[in-house]
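A structural walkthrough
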Amino acid sequence: MDYPEMIDNPPSMFPSDVVARAKKIMARAPGGTGAYSESKGLKVLREDVAAFIETRDGVKADPERIFLTDGASQGVNVALNCLIRDRNDSIMIPIPQYPLYTATIALLGGHYSPYYLNEENGWSMDIAELERSAAQAKKDGKCLRALAVINPGNPTGQCLSPENMREVVKFCEREGMVLLADEVYQQNVYGEGNTSMGLYDKSLRASHGFTSFRQVVAEMGSSCQLMSFHSVSKGVVGECGRRGGYLELENICDSVQDQILKLFSVGLCSNISGQVMVGAMVAPPKPGDPSWDLFKSEFDSLYDSLKRRSQKLSKALNEMPNVSCTYIDGALYAFPTVHLPPKAVAEAQAKNMVPDAFFCLELLDATGICVVPGSGFKQKEGTFHFRTTFLPPEAEFDDVISKMGAFTKEFMAKYA
């Protein structure tokens, strides 16, 4: 796409299906990657996204209700821009949370209402907790505008069950709130029976694999207003520097969609290379294509390695003293509880530090391993966590786990 002359010179450089796909995109993007597209993004690529969604969910999707974005963050920003009018407008966000939400809400002059995920039940969403948060917001004079859900979870690594998701949709219906579905980790689902190709072929998806909120809304025949986000930054693709993603609207009225289009028009369009990357993510080679074997081999290798590392990290964390962690269902992270001894808490306070930040800095100093304090994501009062990832190369992963375990054992003994 960036150097079209390479397509036919020499003819054998790329598999024929790759050449055909590049030519298809270029035929409908005459300006190449250096020209603006429609503000929604190139239609040929939005059609690919719609076909992907239809295959994934079994429900038809409309390319005109899809906006290609500079990563999922731009889509979230636009959605919140539409929803927040002033300080009285509140967005319900999960705790622990991904800081994009609190930061953007603050920037737009809005308010957030926290709801706590249920760690004891695998970081699920508890409807009684949602109702508590909503009631508090109303008591404080806030207007509830939307509920944000991150599934699979960051930083918690959970994957919501369809039953839990249906409860959430009904809650949004009752409260008249927009549902913001942050689903950027949908390829990263590791439960028993899940495969790398589950998103592209429903017959290969485990019964407890990823389910989108769009599928749940459609199957319920719900009128719930839904904005869904996806990205090339996560999953198996992991091309975060390409800045590609999409926003899809469901049950959003045309007049609101027109305003969303105006907001995208301010920035003219998302970057074209990122748009093309989205197309590559949602429309990979198919069985029988010349490039299928190479694609499948590389994709499976990456996915299977992530799955092995997620399982290894879950097991290792739960074997460390004073550490407990829910099973990592999805995403790229674990968010274990660390039960800090009173002496460690006192030492942190004496140094004017948050206790879990003290633990994390001690770990960094002793081993060079960097994890993020749970306080950076917010957490229940009196609990301490840290977020870690299983992204270190697999060849180095045992050493990372060993060092973390040895440090934790020494730390807990020191402050016992």
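Check the entry above for the structure.
One structure accompanies this document, and this report is about it. (Residues numbered from 1 in each chain as written. Predicted model: local features only at pLDDT ≥ 70, side-chain atom pairs only at ≥ 80, totals over all residues. Heavy atoms only, no water.)

**Quick word on the nonpolar core**
Residues Ile91, Leu180, Met227, Leu317, Leu340, Phe359 and Phe411 are the most contacted members of the largest nonpolar core, which totals 67 residues. Top element by residues in this core is helix 10 (residues 292-319). It accounts for eight residues. If we skip the residues at most four places from it in the chain, Phe359 touches Val338, Leu340, Phe386, Phe407, Thr408, Phe411 and Met412. Core analysis: the second largest hydrophobic core is formed by 28 residues, Leu130, Leu160, Leu179 and Val216 among them. (Core = buried A, V, L, I, M, F, W, Y, C linked by side-chain atoms within 4.5 Å. Buried < 20%, exposed > 50% of the residue type's maximum accessible area, 1.4 Å probe, protein only. Helix = DSSP H or I, 4+ residues; strand = E, 2+ residues; numbered from the N terminus. Contact = heavy atoms within 4.5 Å.)

**Concerning a nonpolar patch on the surface**
A contiguous nonpolar surface patch, about 440 Å² in accessible area, is contributed by Tyr3, Met6, Met13, Phe14 and Val18. For Phe14, the position within the fold is in the segment before helix 1 (16-27). (Patch = residues over 30% accessible without salt bridge, like charges linked within 9 Å, V, L, I, M, F, W, Y side chains within 5 Å. Areas by Shrake-Rupley, 256 points an atom, 1.4 Å probe, with all protein chains shown as cover. Salt bridge = Lys/Arg side-chain N within 4 Å of Asp/Glu carboxyl O.)

**Some words on the sheet that holds strand 9 (residues 333-334)**
The sheet built from three strands is open, its strands ordered 9-12-11 with antiparallel pairing. Sheet topology places strand 9 and strand 11 (372-373) at the edges, where each strand pairs with a single neighbour. Alignment of strand 9 against strand 12 (residues 386-389), held across two bridges, turns out to be antiparallel. Note on strand 12: the bridge partner recorded for Ala334 is Thr388. (Pairing = 2+ DSSP bridges.)

**Considering the pairing of strand 1 (residues 66-69)**
A two-sided burial pattern is seen for strand 1, the buried positions comprising Ile66 and Leu68 on one face and Phe67 and Thr69 on the other. Strand direction decides the pairing type here: strand 1 and strand 7 (residues 245-250), joined by four bridges, are antiparallel. The residue of strand 7 that forms the bridge with Leu68 is Tyr246.

**Brief notes about the environment of Ala283**
Relative to the helices and strands, Ala283 resides in the loop between helix 9 (272-282) and helix 10. Spatially, the C-alpha atoms of Ala283 and Ala51 are 8.3 Å apart, while their sequence positions differ by 232 residues. Contact partners of Ala283, with chain neighbours within four places excluded, come to Arg21 and Asp48.

**Looking at the packing of helix 12 (residues 355-367) against helix 13 (residues 394-414)**
At a minimum axis separation of 10 Å, helix 12 and helix 13 run at an interaxial angle of 120 degrees. One way to sum up the angle between helix 12 and helix 13 is to call them oblique. By crossing handedness, the relation of helix 12 to helix 13 is classed as right-handed. Every residue of helix 13 that contacts helix 12 at Phe358, Phe359, Glu362, Leu363, Ala366 and Thr367 is listed here: Lys403, Met404, Phe407, Thr408, Phe411 and Met412. Tallied by class, the residues present in the contact of helix 12 with helix 13 amount to eight nonpolar, two polar and two charged. (Axes fitted to C-alpha atoms, helices over the stretch in contact; angles between N-to-C directions. Parallel < 35°, antiparallel > 145°, perpendicular 65-115°, else oblique. Left-handed = near helix turned anticlockwise from the far one by under 90°. Nonpolar A, V, L, I, M, F, W, Y, C, P; charged D, E, K, R; others polar.)

**Remarks on the packing of aromatic side chains**
Within this structure, the stated rule accounts for 15 aromatic pairs. Residues Phe358 and Tyr415 carry aromatic rings whose centres are separated by 6.0 Å and whose planes lie at 75 degrees to one another, so their mutual orientation is edge-to-face. Of this pair, Phe358 sits in helix 12 while Tyr415 sits in the segment after helix 13; the two residues are 57 residues apart in sequence, bridging distant segments of the chain. Across the pair, exposure class does not vary: Phe358 and Tyr415 are buried alike. With a centroid separation of 5.6 Å and an interplanar angle of 40 degrees, the aromatic rings of Phe407 and Phe411 are classed as tilted. Linking Phe407 with Phe411, this pair stays in helix 13, spanning four residues, or about one helical turn. Both residues of the pair, Phe407 and Phe411, belong to the buried class. (Phe/Tyr/Trp six-rings, centres within 6.5 Å; stacked < 30°, edge-to-face > 60°.)

Any link to function would need more than the numbers given here.
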